[in-house]
Amino acid sequence: AEARSMESLEKQLICPICLEMFTKPVVILPCQHNLCRKCANDVFQASNPLWQSRGSSAVPSGGRFRCPSCRHEVVLDRHGVYGLQRNLLVENIIDIYKQESARPLHAKAEQHLMCEEHEDERINIYCLRCEAPTCSLCKVFGAHKDCEVAPLPAVYQRQKSELSDGIAMLVAGNDRIQAIITQMEEICHTIEENGRRQKQHLGLRFDSLYSILEERKKELLQSIAREQETKVQHVRGLIRQYGDHLEASSKLVESAIQAMEEPQMAVYLQVCICLPCRITDMSKVSMSSRPEPGYENMDHFSINVDYVAEMLRTIEFQTGA
């Protein structure tokens, strides 16, 4: 029972980025989740590549990133992650845990799987050709005698390291995608604001010309509305595309993190062999579709109403304005 309690405590002290026990100093995010300061800085730098490093002669501006555990947005001041509060309670718990635990991190008592073909033989090697854990007798006398094998711990550590790197890569990529979505939301807002402003200006011009302008005003308002709708729908379609990718990527991260908690090496290798490939494929998806610069501009709907009354019915938007 004591061993289970220590193992449960250890799981609570694992950083979701490096997947190791928290390294001092431990920072606490506004959502109450914890990160190593170095890991928090890595995620922050990945989400804010142009943010000036601490110690620069210029005063840097704040930035933001997403909590890797709950996706809550963390807004930082000019001090960056160094402005986050340290979690001294977690640091003290780590110190106590290290003093009470004589075993190294992750040295959990493992129930060895036994070979189904050879009684009393532990599964201790991995067949590289068949991609399956096996025992030494299977290599010498059994089905894997002509196969190339490797020690099970070596393969376990290598693949677990690859999966950990993939998780970190996806987390950083998700933050970049979220930044793109936020930017495109701002573009939508700007398009709508510009559209509303142009409608207002147009209305003021036509209101001064009374009934003779009403019919033409309606046509020009419809032109603005059509272009506004077209542009907003286009950008919102891109937002949905990025959002779908973000959702799928986040679910893959959750699956990978759950897989990382599997303590048995053989079981882990059986169920997680395809995860690194899925992560690689997910990270290669192109995210290059964005509105071109100035796409949100609606200034070409400006008009000049200094025409004589006989020319009112020929009013069109100014081109090249």
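Residues numbered from 1 in each chain as written. Predicted model: local features only at pLDDT ≥ 70, side-chain atom pairs only at ≥ 80, totals over all residues. Heavy atoms only, no water.

What follows covers the packing of helix α5 (residues 152-207) against helix α8 (residues 275-283). At their nearest, the axes of α5 and α8 sit 9 Å apart, and the two run at 25° to each other. In terms of axis orientation, α5 runs roughly parallel to α8. The crossing of α5 and α8 is left-handed. From α5, Glu-162, Leu-163, Gly-166, Ile-167, Met-169 and Leu-170 reach across to α8, where they touch Leu-275, Pro-276, Ile-279, Met-282 and Ser-283. Among the residues making up the contact of α5 with α8, the classes are represented as eight nonpolar, two polar and one charged. (Axes fitted to C-alpha atoms, helices over the stretch in contact; angles between N-to-C directions. Helix = DSSP H or I, 4+ residues; strand = E, 2+ residues; numbered from the N terminus. Parallel < 35°, antiparallel > 145°, perpendicular 65-115°, else oblique. Left-handed = near helix turned anticlockwise from the far one by under 90°. Contact = heavy atoms within 4.5 Å. Nonpolar A, V, L, I, M, F, W, Y, C, P; charged D, E, K, R; others polar.)

Quick look at the confidence of the model for the protein now. Averaged over every residue, the pLDDT of the protein is 79; the share at 70 or more is 85%. Per-element mean pLDDT across the protein ranges from 69 in helix α1 (residues 2-12) up to 88 in strand β2 (residues 34-36). Note that pLDDT drops below 50 for residues 53-60; the model gives that stretch seven contacts with residues more than four away or on any other chain. (pLDDT = per-residue confidence, 0-100.)

Note on placement: Lys-231 falls in helix α6 (residues 211-260). Using a relative accessible area of 10% as the deciding quantity, one classes Lys-231 as buried. (Buried < 20%, exposed > 50% of the residue type's maximum accessible area, 1.4 Å probe, protein only.)

What follows is about helix α3 (residues 88-100). The end-to-end C-alpha separation of α3 is 18 Å, in line with the 18 Å expected for 13 residues at 1.5 Å each. The set of residues buried in α3 consists of Val-90, Glu-91, Ile-94 and Tyr-97. Around the axis of α3, the buried residues are gathered within 120° of arc, so they sit on the same side. Facing away from the buried side of α3, by more than 90 degrees, are the exposed residues Leu-88, Leu-89, Ile-96, Gln-99 and Glu-100. (Expected span 1.5 Å × (residues − 1). Arc of directions from axis to C-beta.)

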